[in-house]
Amino acid sequence: MSAPKKIKSALVSVFYKDGLDEILQKLHREGVAFYSTGGTQTFIESLGLPCRSVESLTGYPSILGGRVKTLHPKVFGGILNRRDNAGDQAQIKEYEIPEIDLVIVDLYPFQETVSSHASEEEIIEKIDIGGISLIRAAAKNFNDVIIVASKTQYSALHQLLSEKGAVSEWEDRKWFAKEAFAVSSGYDTAIFNYFDGGEGSHFRQACDEAKSLRYGENPHQKGIFYGNFNAQFTQLQGKEISYNNLLDIHAAIDLIAEFDELTFAVLKHNNACGIASRPTVKEAWEAALAGDPVSAFGGVLICNAAIDAAAAEEIHKIFFEVIIAPAYDAEALAILQQKKNRIILIQKDKSQYPLQFRSLLNGILVQDKDLSIQTLADLKSVTIHTPSAAEAEDLLFANKLVKNTKSNAIVLARNKQLCASGVGQTSRVDALKQAIEKARTFGFDLHGAVMASDAFFPFPDCVEIAHEAGITAVVQPGGSIKDDLSIEYCNKNNVAMVMTGIRHFKH
């Protein structure tokens, strides 16, 4: 490790100048000399601080419409020279290259330009060349140079200057270098993904926000969440959100996104144990809880309408980990906040990322997110008996739910309420039997209920068992070479069956 380094000179060339003025004033008071270009030089001089132009250092003006400003040996030699290398020192003396000890630079807003739906010409011009080169050069030579590669690092530099003056330790410089390479790699990832255009020729993803969790799925596992949770939610109170909480929250918002009418759901281990659509939040909560009041203990609750006091009074009676809603009445919030560890979230952003990633073996699986939602027009009747209007609504309700349930999955529903589901079974028959047994345990009469399956029935056994339990209508994707056997059974027993043509496996 090298000794502490004094900052004597700084190259400053930034797109974002907010928050930079106080840093520049601190550096000036420490006797640091500035080099800069264009608008940044004008900004520095507007603060009453002396600044030498890069053009006067290199002997070249900014050329090619600003594409070439800092790409010159007198700039990069000043950054990359090794202070403890006699050969480097002899060369910078020979060519009159001044040392540069601090580089403050950021990058053209490429991602923001892409998001603005700008023309390709405008987007290409926002691919930074000089900035990214300065970042890599200064980060490589962190033994001698500090690199500040983003406005997000201004506060760290300000703290360093406040605590140590214009002096840095090796650990300081290496930390800034690590952050700089995160910036440069993320920037290159965004550029690649723009050029790739969703083709998936290579896997490149980057995320700047990282939050260490107490642990992973189990206490002996390390867990980190990469993402901006606060952009999607506001946490009003409660304990620190855990790895398992995040999995359940994700499953909850995926599920509730399927429903336009007022709906309340209760989830446990990523699956709904209760869900219902009703005219009021209180009614929806009570119907959802009835689906499985045992599993609801310690669950994650979600509603797509504001929680009012009447509903909060009932919700408050059970123990739960998390509640999510678009808003809470003041009185309702006061009720729910009586238990301080409850995690109370407002969902702000309902947008869904279109891709899913999963690490496995020595690689990564990528797929499009299952955003297919079936409507009445997608229900193809394949039996003599067709569903009634009420049954059709229940079939759509159940199909949305089975889509968001671990395979093999069967869902039984009636009157837009989950009666029971069979979850994650190796056999579809087992999933159905599990659902029937659970529905009966909690007092549901299945006569007139409907059944949804996430995949086709390879044999007619499931429709036989369902009919014997009282099921009168079935929705499934179809596609089995033995579909006719299930259809024949339904026709003989006055059961309505519709097919969607869309399978919803979830593993």
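All of these numbers come straight from a predicted model, not from anything done at the bench. (Residues numbered from 1 in each chain as written. Predicted model: local features only at pLDDT ≥ 70, side-chain atom pairs only at ≥ 80, totals over all residues. Heavy atoms only, no water.)

Draft legend 1. Region of the structure containing the environment of Lys-406. Counting through the fold element by element, Lys-406 comes out in the loop between helix 16 (389–403) and strand 19 (410–413). Judged by relative accessible area, Lys-406 falls into the partly exposed class, the value being 24%. With 75 residues separating them along the chain, Lys-406 and Glu-331 place their C-alpha atoms 37 Å apart. When residues no more than four places from it in sequence are discounted, the contact partners of Lys-406 are Asn-270, Asn-271, Val-423, Gly-424, Lys-506 and His-507. (Helix = DSSP H or I, 4+ residues; strand = E, 2+ residues; numbered from the N terminus. Buried < 20%, exposed > 50% of the residue type's maximum accessible area, 1.4 Å probe, protein only. Contact = heavy atoms within 4.5 Å.)

Draft legend 2. View of helix 9 (residues 154–164). Of the residues making up helix 9, those classed as buried are Tyr-154, Leu-157, Leu-160 and Leu-161. Along helix 9, the residues classed as buried sweep out an arc of 125° about the axis, all on the same side. What points out from helix 9, more than 90 degrees from its buried face, is the exposed set Ser-155 and Glu-163. Its buried side turned inward, helix 9 meets helix 1 (21–29), strand 5 (102–105), strand 6 (146–148), strand 7 (167–168) and helix 10 (170–196). At the C-terminal side of helix 9, Gly-165 shows a positive phi close to 70°. (Arc of directions from axis to C-beta.)

Draft legend 3. Structural view of the side chain of Asp-254. When you line up the elements, Asp-254 lands in helix 12 (residues 243–256). The contact partners of Asp-254, leaving out residues within four places of it in the chain, are Gln-352, Lys-369 and Asn-404.

Draft legend 4. View of the sheet that holds strand 3 (residues 33–36). With respect to topology, five strands assemble into an open sheet ordered 4-3-2-5-6, the strand pairing being parallel. Lying at the two open borders of the sheet, with one neighbouring strand each, are strand 4 (52–53) and strand 6. Examined bridge by bridge, strand 3 and strand 4 share two bridges and lie parallel to one another. By the bridge assignment for strand 4, Tyr-35 is matched with Arg-52. Strands in contact with helix 2 (residues 38–46) are strand 2 (9–13), strand 3 and strand 4; relative to strand 3, the strand with the most contacts, it is inclined by about 145°. (Pairing = 2+ DSSP bridges. Axes fitted to C-alpha atoms, helices over the stretch in contact; angles between N-to-C directions.)

Draft legend 5. Looking closely at unusual backbone geometry. With an omega of -10°, the peptide bond between Ser-407 and Asn-408 qualifies as cis. As for its placement among the helices and strands, Asn-408 is situated in the loop between helix 16 and strand 19. Notably, Glu-96 is not glycine yet its phi reads approximately 55°, a positive angle. By the secondary structure assignment, Glu-96 is in the loop between helix 5 (86–94) and strand 5. According to the relative accessible area criterion, Glu-96 is exposed, its value standing at 62%. Of note in the backbone geometry, His-117 takes a positive phi value of approximately 60° without being a glycine. Take His-117: it is sitting in the loop between helix 6 (110–115) and helix 7 (120–125).

Draft legend 6. The arrangement of the packing of helix 4 (residues 73–80) against helix 8 (residues 130–140) in detail. Running from N to C, helix 4 and helix 8 cross one another at 30°; their axes reach a closest spacing of 8 Å. Judged by the angle between their axes, helix 4 and helix 8 are roughly parallel. Taking contact as the criterion, the partners of Val-75, Phe-76, Ile-79 and Leu-80 in helix 4 are, on helix 8, Ser-133, Leu-134, Ala-137, Ala-138 and Lys-140. Of the residues belonging to the contact of helix 4 with helix 8, the class tally is seven nonpolar, one polar and one charged. (Parallel < 35°, antiparallel > 145°, perpendicular 65-115°, else oblique. Nonpolar A, V, L, I, M, F, W, Y, C, P; charged D, E, K, R; others polar.)

Draft legend 7. Structural view of helix 1. Turning to helix 1, its buried residues are Ile-23, Leu-24, Lys-26 and Leu-27. An end-on view of helix 1 places all buried positions within 160° of arc, on one side of the element. Check the buried side of helix 1 and you find it contacts strand 2, strand 3, helix 2, strand 5 and helix 9. Backbone geometry just downstream of helix 1 places Gly-31 in the positive-phi region, at approximately 85°.

All quantities given are derived from atomic positions and should not be read as evidence of function.
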